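Here is what each chain is made of, one letter per residue.
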Number of protein chains: 2
Amino acid sequence: MAEDEAQDLSRIAAARPAPSPDISPAPRMPEIPRYLQVFQDLRARISGGRYPVGSMVPTEAELCAEFAVSRHTVREALRRLVDQGYVERRQGSGTQVLSAEGGSLFTQSMRSLSELFQYALDTDFAITAMVMTAVDEPTARLIGAEPGSSWLALHGIRGTRDDGVPISHTVVYVHERFGWLRDDFPSCHGPFYALIEQRAQVTVMETLQTITALPMPDASRQVFGDQTPGAHVLRVVRRYLDRRGSTLTASINDHPADRFTYTMRIKRDGER
Amino acid sequence: MAEDEAQDLSRIAAARPAPSPDISPAPRMPEIPRYLQVFQDLRARISGGRYPVGSMVPTEAELCAEFAVSRHTVREALRRLVDQGYVERRQGSGTQVLSAEGGSLFTQSMRSLSELFQYALDTDFAITAMVMTAVDEPTARLIGAEPGSSWLALHGIRGTRDDGVPISHTVVYVHERFGWLRDDFPSCHGPFYALIEQRAQVTVMETLQTITALPMPDASRQVFGDQTPGAHVLRVVRRYLDRRGSTLTASINDHPADRFTYTMRIKRDGER
DNA sequence: CTTCATTTGTCCGTATGTATG
DNA sequence: TCATACATACGGACAAATGAA
């Protein structure tokens, strides 16, 4: 029966180049490209359960035969499936179904993690203290470190570049194996993780970010000069992880709650 | 002269399949694929300013000649440039440089906007009141509406599906033109925007989300039974916009600050 | 408005390299 | 070791969109 499908499709394909008679504009079917037809068919099979999640999609050769198209066309269709997060391909192994619904419908994207904050471009970080410390248990949990392990802690204040209005009281923790970079941090203007990546030949693969609200700590009260009894801060903790999931560097940013808002824009992707 | 380059390179290329003599393991360069070499070269030209933003990249034919590779290889390289946001291609026109730095390096992605909250899957929304209201000026600013315009306001409490522990006190605003869906909201289990999309043939193209901390409003105090003097809430406001940027629906979610953390995971794209 | 050359899009065929199991 | 399956790379051909003559 697969054979029949193949023959049908190839006959249709063969009929395609034939010019329209001349009269009759003909309803003019949109003429979907072959690779898109194959893509849509495969996608339907995946979401329909014929190729369950975890199973293998037929090989390129089999799909060529079934749809009666060239390998190039099949690969074009499979490429779409990969791009949209339906399948994963591995040389020598095959094509495995990853998801029945495809990848993400919404994404928030940014060129630099600093862009998470719209203000980030126009701020400066003034370091007030830089000490190698053994992190206590709560801090270790916060930044994903081993309790008692050594981290270089950069205490400082992030403020607007123009008038120096303080935006956050922050502590940056850098793993001790990057301690030799300590002299470079004070003159660093971009994000710290970028400096570490560049100098230490490591890659930040993922970041975890948590946002909480809590009563303003005393240290922050001094920074912001705020003695209001019920004052709170918005605390943003960011952890920068390598490909193995261990923390390279982390930062704890306390923003005065009454004049700080965290904003993000999330867009729908693709044409689905 | 391009001819000479082509001949030289093709001769090198032709020499490649030749098996290594036998002795001498040879340093074994990583053997970067040709299409990747072309891609990297073109990318360097773009970021280096040789192909400025807005200008046209040489045609496929010209690139084939210059690099002495087949059109297939050039197209593979150009595909990367497109995928990574450097260029845009139009049939019949050519390949234009879009950006000197490429697209985004980091993305947070999700299938449903509810996934912004890790808990979202296991929560229920209990509607306590549903009224058509004319929004006042502060609320209008918050949800991106015209002051005084009419919105269907769904007041309610989101709680865990298991034990009903309240997670947030929320108000959902639905534009009056979707008011005819009011009878469907109480039985809606997924996100409201999805219901509206499905029934009203509209598409959410973008969402704006803002997070602030503020002293707990009286209404929320009653919901959470919290009379602590300095109690705060984490307020998450989400606006769901159509392709023209106008708000279809919005929600204001107040979470008790002492037992709520907003978490997001952001991954690096691609292999750059 | 039509014609025409240009440029990318689609599609086919073949061959070899390389990772997998 | 060996067959399998995907990755890379070459070649050719025609269609469709574009923009200028």
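The preceding data block contains the structure.
The following paragraphs examine the structure supplied in this document. All figures in this text were calculated on a predicted structure; none of them were measured in a lab.

A closer look at helix H2 (residues 34–47) of chain B
All names here are of chain B.
- Under the 1.5 Å per step criterion, the end-to-end length of H2 is 20 Å for 14 residues, consistent within 8% with the ideal 20 Å.
- Every buried residue belonging to H2 is among Leu36, Val38, Phe39, Leu42, Arg45 and Ile46, and all of these are buried.
- Considering only its buried residues, H2 is in contact with helix H3 (60–67), helix H4 (71–83), strand S2 (87–90) and strand S3 (94–97).
- One or two steps after H2, the chain reaches glycine 49, where phi turns positive at roughly 95 degrees.

A few points about the protein's contact with DNA strand C
- Close to DNA strand C lie 22 residues, the nearest being Arg34(A), Tyr35(A), Thr73(A), Gln91(A) and Arg71(B).
- The side chain of Arg71(B) places a nitrogen or oxygen atom 2.7 Å from a base nitrogen of DNA strand C.
- Arg89(B) is positioned with one of its side-chain polar atoms (N or O) 2.9 Å from a phosphate oxygen of DNA strand C.
- Contributions of two or more residues to the surface near DNA strand C are made by helix H2 (34–48) and helix H4 (71–83) of chain A together with H4, S2 and S3 of chain B.
- Among the elements that take part in the surface near DNA strand C, H4(A) stands out by supplying 3 residues, more than any other.
- By residue class, the composition of the surface near DNA strand C is 4 nonpolar, 11 polar and 7 charged.

Focus: unusual backbone geometry
- Unusually for a residue other than glycine, Ala68(A) sits at a positive phi of about 55 degrees.
- If you trace the backbone, Ala68(A) turns up in the loop between helix H3 (60–67) and H4.
- Of note, the phi angle at Gln201(B) is positive, near 55 degrees, even though the residue is not glycine.
- Tracing the backbone shows Gln201(B) in the loop between helix H6 (192–200) and strand S8 (206–215).
- Residue Gln201(B) is classed as exposed on the basis of its relative accessible area, which comes to 70%.

Here we look at the side chain of Gln209(B)
- For Gln209(B), the location among the structural elements is in strand S8.
- The exposure class of Gln209(B) is buried, given its relative accessible area of 0%.
- For Gln209(B), the side chain forms a polar contact with the side chain of Arg238(B), separated by 3.0 Å.
- At 2.6 Å, the side chain of Gln209(B) forms a polar contact with the side chain of Tyr262(B).
- With sequence-adjacent residues up to four places away left out, Gln209(B) is seen in contact with Tyr262(A), Thr263(A), Met264(A), Leu116(B), Phe117(B), Val236(B), Val237(B), Arg238(B) and Tyr262(B).

Thoughts on the side chain of Ser220(A)
All names here are of chain A.
- Within the fold, serine 220 resides in helix H7 (residues 218–224).
- Judged by its relative accessible area of 1%, serine 220 is buried.
- A distance of 3.0 Å separates polar atoms of two side chains, one belonging to serine 220 and the other to histidine 169.

Conventions we followed
- Residues numbered from 1 in each chain as written.
- Chains lettered and ligands numbered in written order.
- Predicted model: local features only at pLDDT ≥ 70, side-chain atom pairs only at ≥ 80, totals over all residues.
- Heavy atoms only, no water.
- Helix = DSSP H or I, 4+ residues; strand = E, 2+ residues; numbered from the N terminus.
- Expected span 1.5 Å × (residues − 1).
- Buried < 20%, exposed > 50% of the residue type's maximum accessible area, 1.4 Å probe, protein only.
- Contact = heavy atoms within 4.5 Å.
- Near = heavy atom within 4 Å.
- Polar contact = N/O pair within 3.5 Å; in protein donor to acceptor, adjacent residues only side chain to side chain.
- Nonpolar A, V, L, I, M, F, W, Y, C, P; charged D, E, K, R; others polar.

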